[in-house]
Amino acid sequence: MSRRTLDDTLTCITRLDKASSPAQIADVVIDVARPFGFSHVLAGIIPVPGMSAEQQISNVVLHRWPKAWSERYFTQGYLFDDPTIQRVNTSTEPFLWSELEPSYRNTPAPTRVMGEAREFNLGCGFTVPMITLDGQAAGFSLASERADVPPKVRRQLQLIAMHAFARALAQKYNPAPVNLTPREMDILQWMAEGKSDWEIGVILKVSEHFVDKIARQLRAKLNATNRTQTVATALRHNLIR
């Protein structure tokens, strides 16, 4: 690593240390990766088979990915057919997505996943596999339509990815406390079970309108935009299990 590269890396690490939220961490990462052509970042602990879409989403610690693709990816269970995830589970060496193509060329499911990713301008990617202190596989991916990652840059991006992931992970699992009322907790738990507002109202003997009101309060408290994100955020805060 050259002196200039080392200085740039240390500057980036300093910025990451000052970032106070996952969104700010993602901003720093993209600033550093943009000169190489990358415009998106996604990082998280790799879910295990059987996890629901909400549980998969709750494992994400950095998310600057096309929203429509994320929704399709998690709701359709693409994660378990994704060749990049398969590589993360079996190797700790960083890799370009293009390097995986020979391994899945004649296999329909991973070919479909990678092909559909290109529809969202995610045809070129670089992934850094990691292992958490408790032994879980994790991955950090940069992606865009086109990118150029010279061999000498890989280690720089790997170091930045590992530090950014550690910072985001610490913030995710040490979030500011969220105080919920007993009624909010009841409704949140049934939301996590997949019940509709009407069904929750019947169970708790309250009106559907009341359930909708509480659900809106939960979205506000958890800084969520929809029902799925509300449940995922609650999982991250250990409010439900």
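Everything discussed here concerns the structure shown above.
We now turn to the structure provided with this report. What you see is a predicted model, and the numbers here were worked out from it, not measured in a lab. (Residues numbered from 1 in each chain as written. Predicted model: local features only at pLDDT ≥ 70, side-chain atom pairs only at ≥ 80, totals over all residues. Heavy atoms only, no water.)

A word on the packing of helix α9 (residues 182-192) against helix α10 (residues 197-204)
Part 1: The contact between α9 and α10 brings their axes to 10 Å, and the two run at 130°. By the criterion of interaxial angle, the relationship of α9 to α10 is oblique. Viewed along their axes, α9 and α10 form a crossing whose handedness is right-handed. Along its contact with α9, which presents R183, D186, I187, W190 and M191, the element α10 presents I200, I203 and L204.
Part 2: Of the residues in the contact of α9 with α10, the class split is 6 nonpolar, no polar and 2 charged. (Axes fitted to C-alpha atoms, helices over the stretch in contact; angles between N-to-C directions. Helix = DSSP H or I, 4+ residues; strand = E, 2+ residues; numbered from the N terminus. Parallel < 35°, antiparallel > 145°, perpendicular 65-115°, else oblique. Left-handed = near helix turned anticlockwise from the far one by under 90°. Contact = heavy atoms within 4.5 Å. Nonpolar A, V, L, I, M, F, W, Y, C, P; charged D, E, K, R; others polar.)

Quick look at the packing of aromatic side chains
Part 1: A full pass over the atoms with the stated rule returns 5 aromatic pairs.
Part 2: Here W69 and Y78 contribute two aromatic rings whose centre-to-centre distance is 5.9 Å and whose plane-to-plane angle is 50°, an arrangement assigned as tilted.
Part 3: Residue W69 is classed as buried on the basis of its relative accessible area, which comes to 3%.
Part 4: Both rings, one in Y73 and one in F74, keep their centres 5.3 Å apart while their planes meet at 85°; by these two values the pair is edge-to-face. Judged on exposure class, the residue Y73 and its partner F74 are both buried.
Part 5: Through a chain of ring-to-ring contacts, three or more aromatic side chains come together here, namely W69, Y73, F74, Y78 and F120.
Part 6: In this arrangement the basic side chain of R87 is found over the ring face of F95, its NZ or CZ atom lying 5.6 Å from the centre. (Phe/Tyr/Trp six-rings, centres within 6.5 Å; stacked < 30°, edge-to-face > 60°. Buried < 20%, exposed > 50% of the residue type's maximum accessible area, 1.4 Å probe, protein only. Lys NZ or Arg CZ within 6 Å of the ring centre and 35° of its normal.)

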